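# Coordinates in review
For reference, the chains in residue letters:
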Amino acid sequence: MLLLKPEPTRRAKEIFQEACCIENMEAKFGRTLSKDEDSVRRFILTQSPILGRIPFIDEIRKEFNKFQKEKVDAILNKLHQVDAIHLDNDKTNIVAAYPFSGSETSHQVYLNRKGFKRVYAMCSIDALGMSFMFNCDVSIESLCIHCGEKIEIEIRDNEIFVLNPKNTVVWYDMEYSCCAATSVCKHTNFFSSEKHYEDWQKGKPIKKGNLLPIQEAFYLGKLFFENRLDN
Ligand SMILES: [Zn+2]
């Protein structure tokens, strides 16, 4: 049986370090947030797989009805500022609460825990990080962004035991702009092979990023998500 562990390479650690310089990872992990800000952050992240979607703002206000509406809105704005979540332009909806997407993406994730529903991940790394975040088994259904071939990944005990196609790789994009949702996430995808990445890249401007074997992408998912809910 195939068993791929997350591979802690120096490159993956450097990618994470660089992301920490650009992004406010401490806030995303809740470490630099106030107690109230962090409790809203946690509610959003823990409710998303139960609902199978990111909670609506009304649902968050209802859960935190001990706070005034203005306070909840200020907290959501703060979470948006540190890019723990991403609000739409008129601030009426949460379109991203990493690793979860508020709309359909090509990365469907099934978390194998009672009461959890199918969710959409923001990108391939976010999909690969969920088993560490919730410490449960996970099935990922995605596709090669070049040819559309279905990609299946099964994770048990934080090891990959099914990988189809077997040469699947991840392009990790590092062209960060204002927030991950509108920049790196959109371009961080699975490819069915290195060749398909190369074919897809042909004729396009060279971008900053790394083509990662699945074990290395899996480790990066671990670095980004394993500590999101335990501080
Ligand atoms: Zn392909």
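Fair warning: this is a prediction, and the values are worked out from it, not measured in the lab.

Spatial ordering of the open sheet is given by E5-E4-E6-E7-E8, a layout of five strands whose pairing is antiparallel. Two strands close off the open sheet at either side, each with one partner strand: strand E5 (119-120) and strand E8 (159-164). Pairing geometry for strand E6 (residues 138-143) and strand E7 (residues 150-156), over six bridges, is antiparallel. For Ser142, the partnering residue across the bridge sits in E7 and is Ile151. Each of E7 and E8 is contacted by helix H9 (residues 214-225), which is oriented at about 130 degrees to E8, the strand it contacts most.

The next thing to look at is the nonpolar core. One finds Ile44, Ile94, Leu128, Ile153 and Leu220 to be the most contacted residues of the largest nonpolar core, which totals 75 residues. Each of domain 1 (10-23 + 102-225) and domain 2 (25-101) accounts for three or more of the residues forming this core. Apart from residues lying up to four places away in sequence, Leu220 is in contact with Ala12, Ile15, Phe16, Ile125, Tyr172 and Leu212.

Okay, the pattern of salt bridges next. Side-chain pairing between opposite charges can occur once the charged atoms of the two side chains come close. Scanning the model with the defined rule gives 20 salt bridges in all. The salt bridge involving Arg11 is made with Glu216; its shortest N-O contact spans 2.7 Å. Of the two residues, Arg11 is situated in helix H1 (residues 10-22) and Glu216 in helix H9; the sequence distance between them amounts to 205 residues. Residue classification places Arg11 among the partly exposed residues on the basis of a relative accessible area of 33%. For Glu216, a relative accessible area of 5% puts it in the buried group. Between Lys78 and Glu37 there is a salt bridge, with its nearest N and O atoms 3.4 Å apart. Here Lys78, found in helix H5 (residues 69-81), pairs with Glu37, found in helix H3 (residues 35-51); they are 41 residues apart in sequence, far enough to count as distant. The exposure class of Lys78 is partly exposed, given its relative accessible area of 25%.

Pairing is antiparallel in the open sheet, where three strands are placed in the order E1-E2-E3. The sheet is open, and its two edges are formed by strand E1 (86-87) and strand E3 (100-101), each paired on a single side. As paired strands, strand E2 (residues 94-97) and E3 are joined by two bridges and run antiparallel to one another. Residue pairing in the sheet places Ala96 in a bridge with Ser101 of E3.

The phi torsion of most residues other than glycine is negative, and most of the peptide bonds are trans. At the junction of Tyr98 and Pro99, the peptide bond is cis and its omega measures out at 15 degrees in the coordinates. Relative to the elements of secondary structure, Pro99 occurs in the loop between E2 and E3. Here the bond from Asn164 into Pro165 is cis, since omega is -10 degrees, no more than 30 degrees from zero. Within the element layout of this structure, Pro165 appears in the loop between E8 and strand E9 (169-173). Even without glycine at this site, Asn135 takes up a positive phi of about 50 degrees.

Reading the values: rules and limits
- Residues numbered from 1 in each chain as written.
- Predicted model: local features only at pLDDT ≥ 70, side-chain atom pairs only at ≥ 80, totals over all residues.
- Heavy atoms only, no water.
- Pairing = 2+ DSSP bridges.
- Helix = DSSP H or I, 4+ residues; strand = E, 2+ residues; numbered from the N terminus.
- Contact = heavy atoms within 4.5 Å.
- Axes fitted to C-alpha atoms, helices over the stretch in contact; angles between N-to-C directions.
- Core = buried A, V, L, I, M, F, W, Y, C linked by side-chain atoms within 4.5 Å.
- Buried < 20%, exposed > 50% of the residue type's maximum accessible area, 1.4 Å probe, protein only.
- Domains from an automatic or database assignment.
- Salt bridge = Lys/Arg side-chain N within 4 Å of Asp/Glu carboxyl O.

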